[in-house]
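Per-entry structural report
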Amino acid sequence: MTEKHGSEARLEDLHQSASVLCVSLVSGVIKMALRELSSLERFLGLKKPNKYSTQGGKKVPVLQNNNGPSLIGLVTIASHLVREAKRPELLGDSAERRAVVQQWLEHRVTRLDNCSKEEVKVILKDLNQYLEDKVYLAGNVFTLADILMYYGIHHIVVELAVQEKERYLNITRWFDHIQHYPGIRHHLPPVVVLRNRVYPSGHY
């Protein structure tokens, strides 16, 4: 009986630990999304901070809008903040560019967020190839896609070894460019990049 009770106690401890871990992970996801929106507000120069909450099992961010229905989802809220700040160019200055920006915003929330370790390699490979001849995700113009993709990929890039950063040279170059863009980094620590390996001589 004692052995059985001991096993049950250990199992209960494991369940409690798992519950604490889940709560911690969910809390981390919530804080991350809300920090992103807070940093975006500061970058856009919005003076009055908005009130946010979350909903659903995935804790999707919700903006409590005083002038209408609540806005749901990171991309929807971020796009709204850009319009509120009267910075439409960040959503794309042409129909084609707006479509590219929207594509990358969707990529962020559907593929990059909550991806597995196996998927990370594919995502990095594809993104690295895409950025081969581009300064920014929408070509040669900085947009909201760069901001949200930078926020979303930061936790991956920060863990890359030097050799991996060199393997994904185009991502590293783009990432370093965005992290030094005025007013973007805010809540995130800088990632060390060996710039002589990433940029040709005289380009940094």
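Scroll up to find the structure.
Here's what I pulled together on the structure shown here. (Residues numbered from 1 in each chain as written. Predicted model: local features only at pLDDT ≥ 70, side-chain atom pairs only at ≥ 80, totals over all residues. Heavy atoms only, no water.)

**Points about the packing of aromatic side chains**
Each aromatic ring pair is characterised by the separation of its centres together with the angle its planes make. Counted by the stated rule, this structure contains seven aromatic pairs. Ring centres of Y136 and F142 lie 5.7 Å apart, and the angle between their planes is 75°; on these two criteria the pair is classed as edge-to-face. The same class applies to Y136 as to F142, namely buried. A connected cluster of aromatic rings, assembled from ring pairs, spans F43, Y136, F142 and Y181. Positioned above the aromatic ring of Y130 is the side chain of K134, whose terminal nitrogen or guanidinium carbon lies 4.2 Å from the ring centre. (Phe/Tyr/Trp six-rings, centres within 6.5 Å; stacked < 30°, edge-to-face > 60°. Buried < 20%, exposed > 50% of the residue type's maximum accessible area, 1.4 Å probe, protein only. Lys NZ or Arg CZ within 6 Å of the ring centre and 35° of its normal.)

**Comments concerning the sheet that holds strand β3 (residues 71–72)**
Spatially, β1-β2-β3 is the arrangement adopted by the three strands of the open sheet, whose pairing is antiparallel. The open sheet has two edge strands, β1 (52–55) and β3, and neither has a second partner. In terms of strand pairing, β1 meets strand β2 (residues 60–63) through four bridges, oriented antiparallel. The residue of β2 that forms the bridge with T54 is P61. Contacting β1, β2 and β3, helix α2 (residues 74–84) runs over the sheet at an angle of about 35° to β2. (Pairing = 2+ DSSP bridges. Helix = DSSP H or I, 4+ residues; strand = E, 2+ residues; numbered from the N terminus. Contact = heavy atoms within 4.5 Å. Axes fitted to C-alpha atoms, helices over the stretch in contact; angles between N-to-C directions.)

**A look at the packing of helix α4 (residues 117–130) against helix α7 (residues 169–179)**
For the pair α4 and α7, the least separation of the axes is 7 Å and the interaxial angle reads 75°. Overall, the two elements α4 and α7 adopt an arrangement that is roughly perpendicular. Every residue of α7 that contacts α4 at L124, L127 and N128 is listed here: L169, N170 and I171. Tallied by class, the residues present in the contact of α4 with α7 amount to four nonpolar, two polar and no charged. (Parallel < 35°, antiparallel > 145°, perpendicular 65-115°, else oblique. Nonpolar A, V, L, I, M, F, W, Y, C, P; charged D, E, K, R; others polar.)

**Side note on the environment of E119**
Along the polypeptide, E119 turns up in helix α4. Side-chain polar atoms of E119 contact the backbone nitrogen of S116, separated by 2.7 Å. (Polar contact = N/O pair within 3.5 Å; in protein donor to acceptor, adjacent residues only side chain to side chain.)

**So, unusual backbone geometry**
In most cases, non-glycine residues show a negative phi, while peptide bonds are predominantly trans. Positioned with a positive phi, K86 is a non-glycine residue whose angle comes to about 60°. Judged by its relative accessible area of 70%, K86 falls in the exposed class. Within the chain, H186 stands out as a residue other than glycine whose phi angle is a positive 35°. Turning to its location among the elements, H186 is positioned in the loop between α7 and α8 (195–198). Given the relative accessible area of 35%, H186 is considered partly exposed.

**Considering the side chain of Q179**
Structurally, Q179 is set in helix α7. Since its relative accessible area comes to 4%, Q179 is described here as buried. Within the local environment of Q179, its side chain forms a polar contact with the backbone oxygen of V191, the two atoms lying 2.9 Å apart.

**A few points about the nonpolar core**
Of all hydrophobic cores here, the largest spans 49 residues; its most connected members are L44, L144, I153 and W174. Of all the elements in the fold, those that place two or more residues in this core are α1 (2–44), α2, α3 (95–112), α4, α5 (144–157) and α7. Residue contributions to this core peak at ten residues, all from α5. (Core = buried A, V, L, I, M, F, W, Y, C linked by side-chain atoms within 4.5 Å.)

**Concerning α3**
Under the 1.5 Å per step criterion, the end-to-end length of α3 is 24 Å for 18 residues, consistent within 8% with the ideal 26 Å. Every buried residue belonging to α3 is among V101, W104, L105, H107, R108 and L112, and all of these are buried. N114 occupies a position one or two residues after α3 and carries a positive phi of about 65°. (Expected span 1.5 Å × (residues − 1).)

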